[in-house]
Amino acid sequence: MNILLLVPVLAPLAAAVLAALIGWRRLSAYVTVLAALAVLVSAAAIGLHVGSGARFGVGRFLRADALSVTMLIIIGTVSTLATWASVGYINAELAQGHTNRQGANLYGVLVPIFLAAMALAVLANNIGVMWVAIEATTVATAFLVGHRRTRPALEATWKYVVICSVGIALAFLGTVLLYFASLHAGAPSDSALDIDVLLAHATQLDPAVTRLAAGLLLLGYGAKAGLVPFHTWLADAHSQSPAPVSALMSGVLLSVAFSAILRVKSVVDLALGAGFLRTGLLIAGLLTLLIAASLLVVQRDFKRMLAYSSMENMGLVAVAAAAGTELAIAALLLHVLAHGIGKALVFLAAGQLQAAHDSTAIADVTGVLARSRLIGTSFAVGLVVLLGLPPFAMFASELSISRALASAHLAWVLGVALLLMVIAFAALVRNGARMLLGSPDPRSPAISVPGSVAGALVTGVILSLALGLTAGPFTQLFHTAATSLGAAR
């Protein structure tokens, strides 16, 4: 069982080595797909054991519990769809001259490194290792954001690097302060940042130092999760990245960063009580919802629209984490899984719309359902998932989050969040209807769909329906993760 913990990290790294040796080829591209699938399969295998509350580790630095397995399932599912679609997407970019062979080779190496870094971040048993892994995702994705080498792409890359570097620097300072507090609480110097050691010594941590560390860690990892105030990179980076990378960043990376906040929260709540981080998460979550809803109303670019939708959902996730109950955390985990699959669908479909129109302006795209049944249906299903409508899983997760907020005596938070979500809902429906419905312009270009993109889209639709109709296999896992994080009943 312990060997399985190495698979999610080593399989993508092996794919990266192959891509570095032979460049972008059909073989290396499909090996990356297999590596992503290996992450998912290994997560499922480990999940059969940790769903009952068991824990496994490799040395002191890797661990698998219900939270890490949940995150691995999200990484494996979304990355399988995104890497599968990458095969046709990058080959089309090469044929159209939007990238060259060197750019394709770099893409083939960086994507599996990105996957390995995210897997390491959620498997880390040490807060310091987790920080290194999340920093590694910034390095890998910086080059992927600037993949097309256009002026907007390079501007988005620099904005992403600068803002996320500030955030990760704050997280580093918070990690150092937590190490200092752990040492003075009596933890051994070589394991003072291990999660189990921090939990064991949490009640002895110096409150003043822990407050400062917690605030810095929330700001730092919140930057990577797209939360206010370091959210401004998100729309630029997601709109300029290749569509499969946008799907990975929006559907997985934001959730991985937030899982780091959940890890820290389990320690801080023991040291300071639930009130300290609850206040910070409520402020960040509600402000993120407010800004995302406001920007969705005036949005004219469909990839930026999808990015602000991700902000809205991460704001809701932060509010759910603030509630801190078992129901809230379990619903939060279902929400990020459903959001990851739905966001993969809309970004992959949006990539084909961008390729056909050479534009991401909403006004330039009309009658998609009449012009391409596959792209139109996939985009529509993805939007319905993100809107939280039945029969999809985000309807159940949002309903459960509402119940959890009411039970936690946060009715005013629930009211504000629902109002902002209604505004975002209306904006997404309006813009989605403009793109999908109506008669197409006779001059509209044909929408081509490579075979691998079509396969990923069909699979994503099936997975979204399956998860919406029954989340049964995951229910126990989510509740076990909530319990392991110290969530109150």
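Our structure is the block above this text.
Here's a quick rundown of the structure. The structure presented is a predicted model; accordingly, all values stated were derived computationally and were not measured.

**Description of the pattern of salt bridges**
Pairs can form between side chains of opposite charge whenever their charged atoms are close. Following the criterion strictly, the structure yields eight salt bridges and no others. A salt bridge links arginine 263 to aspartate 65; the shortest N-O distance between them is 2.8 Å. With arginine 263 in helix H10 (residues 243-272) and aspartate 65 in the loop between strand S2 (62-64) and helix H3 (66-96), this pair connects stretches of sequence that are 198 residues apart. A relative accessible area of 6% means that arginine 263 is categorised as buried. Glutamate 93 is the partner of arginine 148 in a salt bridge, and the nearest nitrogen-oxygen pair spans 2.6 Å. In this pair, arginine 148 sits in the loop between helix H5 (127-145) and helix H6 (151-184) while glutamate 93 sits in helix H3, placing the two residues 55 residues apart along the sequence. Residue class for arginine 148 comes out partly exposed when judged on its relative accessible area of 21%. Residues participating in the shared-partner salt-bridge network are Arg63, Asp65, Asp196 and Arg263.

**A few points about unusual backbone geometry**
That bond from valine 228 to proline 229 is cis: its omega, 10°, falls within 30 degrees of zero. Here proline 229 shows up in the loop between helix H8 (207-224) and helix H9 (233-240). Along the chain, proline 390 connects to proline 391 via a cis peptide bond; the corresponding omega equals 10°. As for its placement among the helices and strands, proline 391 is situated in the loop between helix H15 (373-387) and helix H16 (393-407). Backbone geometry at arginine 149 places phi at a positive 65°, although glycine is not the residue there. Positionally, arginine 149 belongs in the loop between H5 and H6. A positive phi is found at aspartate 358, a non-glycine position, where the angle reads about 50°. Residue classification places aspartate 358 among the exposed residues on the basis of a relative accessible area of 58%.

Cut-offs used in this document
- Residues numbered from 1 in each chain as written.
- Predicted model: local features only at pLDDT ≥ 70, side-chain atom pairs only at ≥ 80, totals over all residues.
- Heavy atoms only, no water.
- Salt bridge = Lys/Arg side-chain N within 4 Å of Asp/Glu carboxyl O.
- Helix = DSSP H or I, 4+ residues; strand = E, 2+ residues; numbered from the N terminus.
- Buried < 20%, exposed > 50% of the residue type's maximum accessible area, 1.4 Å probe, protein only.

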